[in-house]
Each structure stands twice: as structure tokens, then as C-alpha cells.
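# Architecture at a glance
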Amino acid sequence: MPIPQEAHLNSPHLNNQDSIREHLYAQMVLIRRFEERVLDLFAAGELFGTTHCYIGQEANAVGIINHLEKRDIIFSSHRCHGHFLARTGKADLLMAELMGRATGLVGGRGGSQHICYENFYSNGVQGGIVPTATGMALAEKMLRTGAIATVFMGDGTLGEGLVYEAFNLASLWSAPILFVIENNRWSQSTPVEKQLAGSMLARGQAFGIESGEIDSTDAEELYDYFDPIIKKVRREQRPHLEVIQTYRLCHHSKSDDMRPEEEIEHYRQNEPLPKLRSRLSPEVAERLDQEAHTKVEQAVTWARQQPFPSPSTFGAGATAAEFRQAESHRTAP
Amino acid sequence: MATNVLNSLNAALHKMLSEDPRVVVVGEDLLDPYGGAFKVTKGLSTQFPDRVLTTPLSEAGFTALAAGMAIRGLRPVVEIMFGDFLMLAADQIVNHIGKYRWMYNDKVRVPLVIRTPMGGRRGYGPTHSQSLEKHFIGAPGWHVVAPSPFHDPGALLYRAVIEDDDPVLFIENKTMYARPVREAPSEGRLGDFHARTSSGRYPTVTLSFDSFSSADVTLVAYGGMAELAEAAAEQLLMREEIFCEVVVPSSLSPIDLEPILESLKRTGKLVVCEEGTQTAGWGAELIAAVSAQAFELLQAPPLRVAAKDLPIANTSTLETAILPQLEDIDQAVLRACANSRRVTTR
């Protein structure tokens, strides 16, 4: 099936299975190279703080986000690089943000977990984004824009009560929203069996939300699977929930992995990139790998040249008066 | 025509809903004929059924939902039935709503108002009587506003919803709802007082017995404490011939220090009243700010009148002992005068 023309901010007009396959792979390999480079830069001491990588889960982002229109809303979590890059391809702006630069996505104020670009948002505290995305979907419905919202969460976030307040409100008020639960099996260092009782699917069903589940790391399969679901959310203006059985091949955040090596190895056999790459011609695969590499290196080079934000920009915009006031409170005459 | 605080707020909600299709009202038990626990939203759901959303008991959920609506262009007014329940939404207030605009480098606005009744003196006990606004004062990104009977409460709410692009926590002291609105003029008489109202979206009212020529003590109070401070000022004048100026801010955060410093130039003595618990309260912040900015104006140690650092009891003898009373303000003013380094020359 064709990707809608406005689907992707950077997408070429794709109209056959080969070009879809190439596009999905190109996005996944960009996400993968980007995050591998990010981990290198952390190790080299070039990045601050922490980051949560999406390595192993890339097929989910590209399988879903390519069906979304430009007007649609995405709300992501702490693990947002993959969703953002699938949506925008803006590796340079994200890299500058991770490097804390003034020209990053949010001027260095947010970093890895707190970004905003057009209709894409993310925040780093678990749970709270789910009802906010629901409110966004309802606002679009009230304003009759035709936009829908998609919110991404992981298995760990299902421990937060706010998620269920959101499910209830979304169902009660018919919010046009897709809830995506990416079960990567590990909530930081805790395996899903030790933190989650009952069924993920039944959590949605209990609120009267039509819910489904797919166990796949195949980007094309996910892409085909989500096409009718997203159309249905838009058409019926009702919430829908999907559980994707996936696996995080990297650590939770940098350098905190204590999972059994055999388990990781088991899932590595099933990882999304080689699976899709094997369906491309070697020339095309090589070209797409190279393009991703080049794009990431250009992003790093560009981001390194960008200035750090100055504290004098604290009070930019309408809050300036308050910041001045806050300052005056701090300094005795 | 005299109106009370409740009707002033209710009329303002009617006005904004009829004027502006972006306004939505969200909260528990809002639908007519009930019309909200304190009836501030009465009549709204009948007239605007599509934009008055009665919610499940999900304070965090519907506050977060309203934030999403605000980011996408609506102007939601959230009612939290009792201010005590604001704590259920504290993560949204501090970690989400207050941060979005700044954290996203000014790319979004969250024009959301949370209105909530605070305060005791009605025998509602430990979990339905508190004044918890101090916990949100200084929370980045938020304006904390409290009307008093000396302001036009409806006008303040209207400005918060329609004109303020940042989130506003709007604190309504619940004993105030039945009080008549006695809005102070920008400059002129208000009963026995001369009144002045500062300019700006959330003004400060200053009341003086003496045309702002001289006074002994600056009594700062907001919300439900404002009329108590007024009563204390009247009592002290009659009994002791102590002249108090009563300063009533409507913006608790950020604090506009100017009208307070202006009064302190005449009095040199400061007493700050609040109904919440004393430790790390609004009064502490205000006194720290005044001391840092204008220590030379202070002729006596600034004093606080506030609730004891205890839960609020149900029974009236204990509730009265725990919450700040008229007599506490009276005593604090006398202490401020007694502690003064300069003999009062009046």
C-alpha cells in the first residue's frame, strides 16, 4: 500500500513495495546509527546527562509513524529518539539538542527526553503524557482539524495509575488516539514478570477500548498491520490500543545493563534491521547504510559547531518580566 | 448591584463561555442541577453542554487532559473540587504543565486555569480544609492568583482564562464565596478606608484609614484572610489607636513587592497573614524578599500570622486553635509595635 503523500515530513512519494521497504529501512538505519553514535559520544565524554536508546525497537516507530499525517500529534516518552527520527528525520536538530546547543530542538533546555518539534512532543516522567495526549486528541476533535494523536509508552509505564485514568477518559469521551504499548520486556532493570500482573491487552479492553497485539520485529509486517488501525482511529474518532511485543537490545539508559547475555543474544537473532536488510539488494542496502552514516556524521559535525545557549536567554519571551523579578528577589540592593 | 464572590465567579464563567468558543470547563460533579460542589459552575452545563465536561474522580488525569487541550489551542478551566485534592495532580502541575513552555524553548503555551476552593473554618476536617497553595508558590511556569472581596473575583478569573497565556492556579477561599464583593477603586473611598489598586492583570489593593499619609503597621493578607485583616485593623484603630494599612495582593506568585514596600515606607513594620501552615509558607517568602530588597525600611522584625503546623481538626474548638484568628493578627500587630526600634510618633 502507498504511503500517504503527506505522511512523512521528509518522505519521498512512495508507491510500491520496494520503495516502502527502502524507506522503512532507511529510517531504521538512521535511528540505529544515530543512537550508536550517541553512545560513542557519551563514552567519549562529549554528551552530558543520560539517554535512553531505542536499539532493537526501530521497527515499531517506522511501522506506525509512516501512516501518520503531518497534522497528527505524537507524544513520546523518555525513549523518544526513534519516534522523533521516524517522524522528522532531523538528526541534526536532535544531535544539537543532545549536545546542549542553542540551535537544538529546544535550545538545550530539554535534552534527550524533553523535546518538541511541530506536532511532536516528549516528556520524561512516566504516565503523565498519556492523559495529555488524550486531551490533545480531544482538542483536535473539538476544533475539527481531523488530526489524531498517537502516544507511545513502555511496559514499565503501565505501573502508573495515570495511564488508566487516561484510558477511562479517552474511552468515555471518544478521543481519537492510538495508545501504543511497546513491551520491550524490561522496565529499567526489572523484568516484566516482576512488575506487571495480568494482561496488557485486557487493560485496554477493560475500558471498552478496542485493543490488539502483535509480536513482531518485522518493519514491513508492522507497517501493514498498523495501516488499517490508524485509518480506523481517524474514521471512527475513537481510541484504540496496541501492544507490540518487542525487545530492547541496548541498556535502559547508558551503561546500566545487567540482563542475562543469553537472553539478549536470543532476541538479537530476531532484530529488525538485518531482517529487512536481507530483503534489499546488496547495492541498495549498502547505499542506505552509507547515507545514514553520512547523515549522522554531518549531524555530529554541525552540532559540534553550534553555540551553547547563554544564561542571558533565560527570560526570552513573555516570561522575561518574571525572570527579572525572580532575579531582583535574589539580590539585595 | 451588590454581588457576592460566588456569583461574580459564576457570571465570569458564563461570560467567557459565551464569548469565546475555546473555553472549556472540566471537573467533578459540574453538571446541573448539582452544578459543582460549591455551585461556582451552576448553570454552565445547561447553557454550554458541549463545553462543560463532568469528569470521573481523576484529578491528575483530567488536569493532564486539560493541559493537552490548552497546548492545542483551547482555554480550559479545571475545577478541583477541594484544594486538598490538588495534590493528586501535583505531578502534572510541577513536572508537566509548569515546564512545557520553558522546557520546549517557548514553542508552546499552556493557557490553563485550575480553580480550586481552599481553606477551613467550616468543620470539614483534615483533608477538606487546607490552604495548600504555598506548595506551588515558586513552581516555575505558574502564576498563583487569589481573589479577595476587595478585588473583582470574576474579572480576575476572566483575565486568567482569556488573557493569560501561562497556567494559573486560582485559589478561592471557600468562606469567601458568600461574602459581598466590595471592589476597591483604583484610587478613592472604600467604606472607612482610602483605597488604592495597583495596575496590572492581578492587582494589589491597599487600604488606609488616613489617605496614605502615615500609618503604624503594614498588614499583608490575601484571599480569605483579607477581611480578617481588615477587621483586625478596625479593632486596633478603635481600641489602641494603632493605624494599620491593609495590603491585599491578588498575585501570590510572582509577588509584586512594590505596593508592600510603598506601604512599608510609611510604617516600617510588617505583619504577613496567611491561612496555610506557617513553616516555609508564603509569608516566609515575602518576608525574605522584603528583607533582601528593603531591609532599611524595617523598624521591627517582620512577623507571620499563619496556621499551626498541624492537620486541621474537625471539631470547632481545635480547628479554631489551629487556624489563624482575628486575635492572632491583633496580637502580632501589638508585638510588631512593641518590638519597634523607633517610638511611634503618632
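Residues numbered from 1 in each chain as written. Chains lettered and ligands numbered in written order. Predicted model: local features only at pLDDT ≥ 70, side-chain atom pairs only at ≥ 80, totals over all residues.

### So, the overall build of chain B
On a plain count of helices and strands, chain B comes out with 10 helices and 14 strands. Seen along its three principal axes, the alpha-carbon backbone of chain B occupies a region of about 65 × 45 × 40 Å. Here chain B, with 346 residues, has 56% of them falling under the buried criterion. (Helix = DSSP H or I, 4+ residues; strand = E, 2+ residues; numbered from the N terminus. Buried ≥ 20, exposed ≤ 12 C-beta atoms within 10 Å, placed from the backbone.)

### Structural notes on the overall build of chain A
Each helix and strand in chain A was counted, giving 13 helices and nine strands. The burial tally for chain A puts 49% of its 333 residues in the buried class. Within chain A, contacts between residues at least 6 apart in sequence are counted, and of these 76% link residues at least 24 apart. (Contact = placed C-beta atoms within 7 Å.)

### So, the domain arrangement of chain B
Residues and elements named next belong to chain B. Looking at the assigned domains, one finds that chain B contains domain 1 (5-176) and domain 2 (187-339). Once you take the C-alpha centre of each, domain 1 and domain 2 turn out to be 26 Å apart. Contacts between the two partners involve 32 residues from domain 1 and, on the opposite side, 26 residues from domain 2. For the side of domain 1 that touches domain 2, the elements supplying multiple residues, two or more each, are β5 (143-145), α5 (153-163) and β6 (168-173). Residue classes in the side of domain 1 that touches domain 2 are distributed as 13 nonpolar, 13 polar and six charged. (Domains from an automatic or database assignment. Nonpolar A, V, L, I, M, F, W, Y, C, P; charged D, E, K, R; others polar.)

### Some thoughts on the packing of helix α6 (residues 161-172) of chain A against helix α3 (residues 59-71) of chain B
Remark: α6(A) packs on α3(B), axes separated minimally by 8 Å, with the N-to-C direction vectors making an angle of 65°. Relative to α3(B), α6(A) is oriented roughly perpendicular. Our pair here, α6(A) against α3(B), has a crossing hand that is right-handed. For the pair α6(A) and α3(B), the contacting residues are L162(A), E165(A), A166(A) and L169(A) in the first and A60(B), G61(B), F62(B), A64(B) and L65(B) in the second. When its residues are assigned to classes, the contact of α6(A) with α3(B) shows seven nonpolar, one polar and one charged. (Axes fitted to C-alpha atoms, helices over the stretch in contact; angles between N-to-C directions. Parallel < 35°, antiparallel > 145°, perpendicular 65-115°, else oblique. Left-handed = near helix turned anticlockwise from the far one by under 90°.)

### Quick word on the environment of Y121(A)
All names here are of chain A. Residue placement: Y121 occurs in strand β3 (residues 120-122). Between the C-alpha atom of Y121 and that of M142, which follows or precedes it by 21 residues, the distance is 20 Å. The contacts of Y121, once residues within four sequence positions are left out, are F75 and C116.

### Side note on the interface of chain A and chain B
Many analyses report the size of an interface as the accessible area lost when the parts associate. Opposite the 34 residues of chain A that make contact, chain B presents 31 residues. Elements with a contribution of two residues or more to the side of chain A that touches chain B: α5 (129-142), α6 and α13 (320-330) of chain A. Broken down by class, the residue content of the side of chain A that touches chain B amounts to 17 nonpolar, 13 polar and four charged.

### Comments concerning the packing of helix α6 (residues 226-240) of chain B against helix α10 (residues 326-339) of chain B
All names here are of chain B. Closest axis-to-axis distance for the α6/α10 pair is 9 Å, and the angle between their directions is 55°. Considering the angle they form, α6 stands oblique to α10. Here α6 runs over α10; the crossing is right-handed. Where α6 abuts α10, its residues L228, A229, A231, A232, Q235 and L236 lie against L326, I329, D330 and V333. Residue composition of the contact of α6 with α10, by class: eight nonpolar, one polar and one charged.

### Brief notes about the environment of K39(B)
Residues and elements named next belong to chain B. Structurally, K39 is set in the loop between β1 (23-28) and α2 (44-47). Accessibility expressed as a C-beta count within 10 Å gives 14 for K39, which makes it partly exposed. Put simply, K39 and N7 are 32 residues apart on the chain and 9.1 Å apart in space, counted from C-alpha to C-alpha.

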